[in-house]
Amino acid sequence: MEGGIHKAESTEFRDLLYLTSKQPFILRLAFSAGIGGLLFGYDTGVISGALLYIRDDFSQVERSTVLQETIVSMAVAGAIVGAGAGGWMNDRFGRRPSILVADLLFLAGSIVMCFAPSPAVIIAGRVLVGLGVGMASMTSPLYISEASPARIRGALVSTNGLLITAGQFLSYLINLAFTKVTGTWRWMLGVAGVPALVQFVLMLALPESPRWLYRKDRKAEAEEVMRRIYPPEEVDAEIEALRVSVEADMAQERSLGGAGGTLRKALGSAVVRRGLTAGVLCQVAQQLVGINTVMYYSPTIVQLAGFASNSTALALSLVTSGLNAAGSVVSMFFVDKAGRRRLMLLSLAGIVACLAMLSGVFFAVDTHSPDVSIAGTAALSPGANGTCPEYALAAAAGGEEWTCTQCLRAPSGCGFCADAADKLLPGACLAANDAARRACRAGTGDGRREWYARGCPSSFGWLALVALGAYIVSYSPGMGSVPWLINSEVYPLRFRGVCGGIAAVANWASNLLVTQTFLSMTQELGTAGTFMLFCGVSAGLFILLFLVVPETKGLQFEEVEQMLGSKDYKAWKKFNPKA
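Fair warning: this is a prediction, and the values are worked out from it, not measured in the lab.

Student: Help me out: how do you make sense of the overall build of the chain in this one?
Tutor: Secondary structure summary: the chain contains 26 helices and 3 strands in total. Considering the chain as a whole, with its 579 residues, one finds that 58% of them fall into the buried category. Long-range pairs, those at least 24 residues apart, make up 81% of the contacts in the chain with a sequence separation of at least 6. Carbon and sulfur atoms provide 64% of the accessible area of the chain, an area that totals close to 21,500 Å².

Student: Mind showing me how you'd approach the packing of helix H5 (residues 95-114) against helix H6 (residues 119-146) here?
Tutor: Two packed helices can be described by the angle between their axes and the distance between those axes. One can describe the packing of H5 onto H6 by two numbers: an axis separation of 7 Å at closest approach and a directional angle of 155 degrees. Between H5 and H6, the interaxial angle falls into the category roughly antiparallel. Along this stretch, H5 crosses H6, giving a crossing that reads as left-handed. Looking at the contact of H5 with H6 residue by residue, the classes come out as 18 nonpolar, 7 polar and 4 charged.

Student: I would appreciate a short explanation of the sheet that holds strand E3 (residues 451-452) in the present structure.
Tutor: Strand pairing in a sheet is mediated by backbone hydrogen bonds. Such pairs are either parallel or antiparallel. With antiparallel pairing, 3 strands are arranged side by side in an open sheet as E2-E1-E3. This sheet does not close on itself; its edge strands, each paired only once, are strand E2 (428-431) and E3. Where strand E1 (residues 414-417) lies against E2, 4 bridges are found, and the strand directions are antiparallel. Of the residues in E2, the one forming a bridge with Cys 414 is Ala 431.

Student: Hey, could you run me through the state of the cysteines in this one?
Tutor: Any covalent bond linking the sulfur atoms of two cysteines counts as a disulfide. Under the defined criterion, the tally for this structure stands at 4 disulfides. Note that Cys 388 is cross-linked by a disulfide to Cys 414, the S-S spacing being 2.1 Å. Judged by the sign of its S-S torsion, about 70 degrees, the cystine formed by Cys 388 and Cys 414 is right-handed. Here Cys 414 lies in strand E1 and Cys 388 lies in the loop between helix H19 (374-380) and helix H20 (389-396), a separation of 26 residues in the sequence. Across this residue pair, the class does not change: Cys 388 and Cys 414 are buried. Paired by a disulfide, Cys 404 and Cys 456 hold their sulfur atoms 2.1 Å apart. Of note, the bridge from Cys 404 to Cys 456 carries an S-S torsion of about -100 degrees and is left-handed in sense.

Student: Hey, could you run me through the pattern of salt bridges in this one?
Tutor: Pairs may arise between side chains of opposite charge once their charged atoms sit close together. Within this structure, the stated rule accounts for 14 salt bridges. With a shortest N-O distance of 2.5 Å, Glu 240 and Arg 243 are connected by a salt bridge. Note that Glu 240 and Arg 243 are positioned in helix H12 (residues 232-255) at a spacing of 3 residues, about one turn of the helix. Among the ionic contacts, a cluster of salt bridges with common partners joins Arg 55, Glu 62, Asp 434, Arg 437 and Arg 454.

Student: Would you mind going over helix H11 (residues 219-229) with me for this structure?
Tutor: Structural remark: α-helix, 3.6 residues per turn; residues separated by three or four positions point the same way. Every buried residue belonging to H11 is among Ala 222, Val 225, Met 226 and Ile 229, and all of these are buried. Considered in projection along H11, the buried side chains sweep an arc of 100 degrees and stay on one side of the axis. Relative to its buried face, H11 has exposed residues pointing more than 90 degrees away, namely Ala 220 and Glu 224.

Student: In this structure, what is going on with the pairing of E1? I would like to understand it.
Tutor: Sheet faces and side chains relate simply in a regular strand, where the side chains alternate between the two faces. Neither face of E1 is left uncovered, since the one carrying Cys 414 and Phe 416 and the one carrying Gly 415 and Cys 417 both have all their residues buried. Across 2 bridges, E1 lies against E3 in antiparallel orientation. If you follow Cys 417 over to E3, its bridge partner there is Trp 451.

Student: Please explain the packing of aromatic side chains as it appears in this structure.
Tutor: The geometry of an aromatic ring pair comes down to the distance between the two centres and the angle between the two planes. Scanning the entire structure with this criterion turns up 8 aromatic pairs. Note on Phe 178 and Trp 187: the rings are 5.5 Å apart at their centroids and 10 degrees apart in plane angle, and the pair reads as stacked. Residue classification places Phe 178 among the buried positions, given a relative accessible area of 17%. Ring plane angle 5 degrees and centroid distance 6.3 Å describe the contact between Phe 546 and Trp 572, whose orientation is recorded as stacked.

Student: I tried to follow empty space enclosed by the protein on my own but got confused; where do I start?
Tutor: In this approach the atoms are scanned with a rolling probe the size of a water molecule, which exposes any empty space left behind. A full pass over the atoms with the stated rule returns 5 cavities of 30 Å³ or more. Its volume calculated, the second largest cavity comes out at about 90 Å³. Met 138, Pro 141, Leu 142, Gln 283, Trp 484, Asn 487, Ser 488, Arg 496, Gly 500, Ala 503 and Ala 504 together form the lining of the second largest cavity. Mapped by element, the contributors of at least two residues to the lining of the second largest cavity are H6, helix H24 (482-487) and helix H25 (493-548). A per-element tally of the lining of the second largest cavity places H25 first, with 4 residues. Grouping the amino acids of the lining of the second largest cavity by side-chain chemistry returns 6 nonpolar, 4 polar and 1 charged.

Definitions and limits used
- Residues numbered from 1 in each chain as written.
- Predicted model: local features only at pLDDT ≥ 70, side-chain atom pairs only at ≥ 80, totals over all residues.
- Heavy atoms only, no water.
- Helix = DSSP H or I, 4+ residues; strand = E, 2+ residues; numbered from the N terminus.
- Buried < 20%, exposed > 50% of the residue type's maximum accessible area, 1.4 Å probe, protein only.
- Contact = heavy atoms within 4.5 Å.
- Areas by Shrake-Rupley, 256 points an atom, 1.4 Å probe, with all protein chains shown as cover.
- Axes fitted to C-alpha atoms, helices over the stretch in contact; angles between N-to-C directions.
- Parallel < 35°, antiparallel > 145°, perpendicular 65-115°, else oblique.
- Left-handed = near helix turned anticlockwise from the far one by under 90°.
- Nonpolar A, V, L, I, M, F, W, Y, C, P; charged D, E, K, R; others polar.
- Pairing = 2+ DSSP bridges.
- Disulfide = S-S within 2.5 Å.
- Salt bridge = Lys/Arg side-chain N within 4 Å of Asp/Glu carboxyl O.
- Arc of directions from axis to C-beta.
- Phe/Tyr/Trp six-rings, centres within 6.5 Å; stacked < 30°, edge-to-face > 60°.
- 1 Å grid on protein atoms, 1.4 Å probe; cavity = no way out; pocket = protein on both sides within 12 Å on 5 of 7 lines; lining within 4 Å.
- Points joined across faces, edges and corners; volume = space filled by probe spheres on them.

Here it is in structure tokens:
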């Protein structure tokens, strides 16, 4: 919100507690709109667990890495379209109607997936969900930002990031709850419609953004909303500040020739170009550091680290999800004190270190995997189709001994059956079919063997969990929430909807690139090589963010515009609005 009567530089989290105790409507508004973040987070988490059981129910999904990636990433593809449409809807119809439409799309997609008879219908439902999530992902933080007092704006917008991580954590809990229920993944995906329904009901009782109302010449409504947000002694000054700011925006828009060709004309402004460059780079960086390799495929990564059981993988994934939620709380405490830029760069430095550690751990997992036993393989595969075809040929030719890693990378698709006494001892390399799985798991008690189809038994698996946890701790407080906050602050009001839409599309497009290629990259480069690639990309992004993204802590919207338009602008230089 506009206004120069507060010194945002001294903002701390206690201001949020103080203001919301005096004006509880602020908190109600922020959390109701922030459920859009919960939808985003729930979708991210729920598919990671549901995919394990979709693979079990549909053999074509189990056999095709590309189909698995498509089921995950089609929601992202839908989100790209939804984010772009959301930018236009935000400017044309308002922030609140955009959120309501997003809720309806998400609810429809959840119902379609719940009753899907085939992978194709699951994919159709994922597209619908993506359309809704894409719209909500850029509208919710924008709505919160425009309806928040300046000195607690960062903390309130961070509630959207908190609810993203809360949605992820909730989805893992729900996934675990339905692992023993008939229809596992159908329940997991169907329950996803509940947050959308809750938000739809809550948003019906909330007002439109006062900034949007004032801009549409609905001044009385805007003032009424602001009186519900600000303490009585502050509201008149804030209304006046809003009037001055919006009228200045509209005057500048008229000088550009009206609404037609708004973006093309806006790009002639250094303010918009610099803001859009920073905003888009933040959103792209948020995805290209590889976060959704962890959040969409967390149970799969746990299995790659040597934990074979679906339920075990889901349970261990709760650790990363819980740390992500905790990191968002840290962000709420420090984003207005430490600053957006500093928090983001510190976060990215930690990410680079953790990705290097992950790469090293998975390299150790690959190079120390158990051998394949000729006798053990023969004992478990008496039939002609029991042994992995490639291993059978290698054994017949008397070539080099195979390891579990080689077995799982066989082109025909093979699995490793661990030794019953010690999973690190030589095991069997079998064809990945139902008969082989049953033969492997036929024992009971201490004689029961583990079937590995994603990763090999390893004594290094716990190190992978430590590295994943450290990665999330580094990511969540900075790169997890700050990019959305930056994008709610760096655009002039008249271009905020369209620029926010462009940045959100960039976020989802980068997300799609990562989610549609991760499993394929692990097959081509190996898990260690894939994480090392993300490490290198993250290091390059650190340099770009340092050069391009300015500090917006404590600045009013008009002061941010003044900073971006200054002749001696350098992103790494501290801006003094009084100079």
